[in-house]
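# A structural walkthrough
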Amino acid sequence: MTPNDIQFLFDYSDWAWNKLLDKMEALDEAQLDAQPWTLPSLRRILTHALGAEILWRTRMQGASPTSMLTVEDVPTLAAIRERWREESAARRAFIAGLTQADLDGTIHYKTTRGQPYAETLWRLLAHLANHGTQHRSEAAALLTELGHSPGDLDMIVYLREKQASPSP
């Protein structure tokens, strides 16, 4: 994978998360905390996914956080959106500075429980992009159940939208 490939994956990811977050604006607090199935609530899914974004970027930059983001850290949808914008900007800046040698290099990190691991940077970035896909699908299913489907989140839809309105 190249730095451009990685940035593309996260551009798509940001697009898909924003579609979900836009639909969630129509929900009240009770709906954000509802658990109609065995899935966590939308608020918990968002907090976990955002926390993972922060945690993994921080690991990739050489630190090993010992805790994850909590619902108390981002208690409202507005707080989640703002923190997501901040994290997206931080991730974008991190990726923009990467070289192919960086992507092919090994990152040493510890889990929140202190277990040491090492992995190739591009694989960690691919993992993070894929992790978001799982949680977007959970959130989309819950939103649909609540009558607010986010519509099609497939990457091909993103590509077609991007083609229809290219960046300046």
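Residues numbered from 1 in each chain as written. Predicted model: local features only at pLDDT ≥ 70, side-chain atom pairs only at ≥ 80, totals over all residues. Heavy atoms only, no water.

## Quick look at the overall build of the chain
Counting secondary structure elements, the chain contains seven helices and two strands. Listing each helix as α and each strand as β along the chain from the N terminus yields α-α-α-α-α-β-β-α-α. Relative to the 2.2 N^0.38 estimate, which gives 15 Å for 168 residues, the radius of gyration of the chain is 16 Å and therefore close to what a compact globule would have. Here the C-alpha coordinates of the chain stretch approximately 45 × 45 × 25 Å along the principal axes. By residue count, 42% of the 168 residues in the chain fall in the buried class. Once local pairs closer than 6 in sequence are excluded, the contacts in the chain between residues at least 24 apart make up 71%. By element, 52% of the accessible surface of the chain is carried by carbon and sulfur atoms, the whole surface being about 8800 Å². Each charge class in the chain can be summarised by its mean position, and for the 17 positive and 22 negative side chains these summaries are 3 Å apart. (Helix = DSSP H or I, 4+ residues; strand = E, 2+ residues; numbered from the N terminus. Rg over C-alpha atoms; globule rule 2.2 N^0.38 Å. Buried < 20%, exposed > 50% of the residue type's maximum accessible area, 1.4 Å probe, protein only. Contact = heavy atoms within 4.5 Å. Areas by Shrake-Rupley, 256 points an atom, 1.4 Å probe, with all protein chains shown as cover. Lys, Arg positive; Asp, Glu negative; His and termini not counted. Charge placed at Lys NZ, Arg CZ, Asp CG, Glu CD.)

## Quick notes on the pairing of strand S2 (residues 116-120)
For a regular strand, side-chain orientation follows a simple rule: the groups alternate between the two sheet faces. The pairing of strand S1 (residues 106-110) with S2 spans five bridges and is classified as antiparallel. Residue pairing across strands places Lys 110 opposite Pro 116, the latter belonging to S2. The antiparallel hairpin formed by S1 and S2 contains five residues in its connecting segment, where Gly 114 sits at a positive phi of about 95°. (Pairing = 2+ DSSP bridges.)

## What to know about the packing of helix H1 (residues 3-24) against helix H7 (residues 155-164)
Across the interface, H1 lies against H7 with an axial gap of 10 Å and an inter-helix angle of 95°. Taken as axis vectors, H1 and H7 run roughly perpendicular relative to one another. Mapping the contact onto sequence places Phe 8, Leu 9, Asp 11, Tyr 12, Trp 15 and Lys 19 in H1 and Met 155, Val 157, Tyr 158, Leu 159 and Glu 161 in H7. For the contact of H1 with H7, a count of residues per class yields eight nonpolar, no polar and three charged. (Axes fitted to C-alpha atoms, helices over the stretch in contact; angles between N-to-C directions. Parallel < 35°, antiparallel > 145°, perpendicular 65-115°, else oblique. Nonpolar A, V, L, I, M, F, W, Y, C, P; charged D, E, K, R; others polar.)

## Observations regarding the pattern of salt bridges
If you walk through the whole model with that rule in mind, you get eleven salt bridges. The salt bridge involving Arg 91 is made with Asp 14; its shortest N-O contact spans 2.7 Å. Separated by 77 residues along the polypeptide, Arg 91 in helix H4 (residues 77-96) and Asp 14 in helix H1 bring together distant segments of the chain. Across the pair Glu 87 and Arg 57 runs a salt bridge, and its minimum N-O distance is 2.6 Å. (Salt bridge = Lys/Arg side-chain N within 4 Å of Asp/Glu carboxyl O.)

## With respect to H4
With 20 residues, H4 extends 28 Å from end C-alpha to end C-alpha; this agrees with the ideal 28 Å at 1.5 Å per step. Looking at H4, one finds that the buried residues are Leu 77, Ile 80, Arg 81, Trp 84, Glu 87, Ser 88, Arg 91, Phe 94 and Ile 95. Within H4, the buried residues cover an arc of 145° as seen down the axis, which keeps them to one side. Looking at H4, the residues exposed on the side facing more than 90 degrees away from the buried face are Ala 78, Ala 93 and Ala 96. (Expected span 1.5 Å × (residues − 1). Arc of directions from axis to C-beta.)

## Observations regarding the side chain of Asp 14
Since its relative accessible area comes to 10%, Asp 14 is described here as buried. In this structure the side chain of Asp 14 is engaged in a polar contact, spanning 2.7 Å, whose partner is the side chain of Ser 88. Asp 14 has contacts with Ser 88, Arg 91 and Arg 92, leaving out every residue within four places of it along the chain. (Polar contact = N/O pair within 3.5 Å; in protein donor to acceptor, adjacent residues only side chain to side chain.)

## Some words on a nonpolar patch on the surface
Among the surface-exposed residues, Met 155, Ile 156 and Leu 159 lie close enough to one another that they form a single nonpolar patch of about 210 Å² accessible area. Considering the arrangement of structural elements, one finds Leu 159 in helix H7. Residue Leu 159 is classed as partly exposed on the basis of its relative accessible area, which comes to 33%. (Patch = residues over 30% accessible without salt bridge, like charges linked within 9 Å, V, L, I, M, F, W, Y side chains within 5 Å.)

## Focus on the environment of Leu 42
Within the secondary structure, Leu 42 is located in helix H3 (residues 42-60). Remark: the alpha-carbon pair of Leu 42 and Asn 18, spanning 24 residues in sequence, is separated by 14 Å. For Leu 42, the contacting residues outside a window of four places in its chain are Met 24, Leu 27, Gln 31, Leu 32, Ala 34, Ala 139, Leu 142, Leu 143 and Leu 146.

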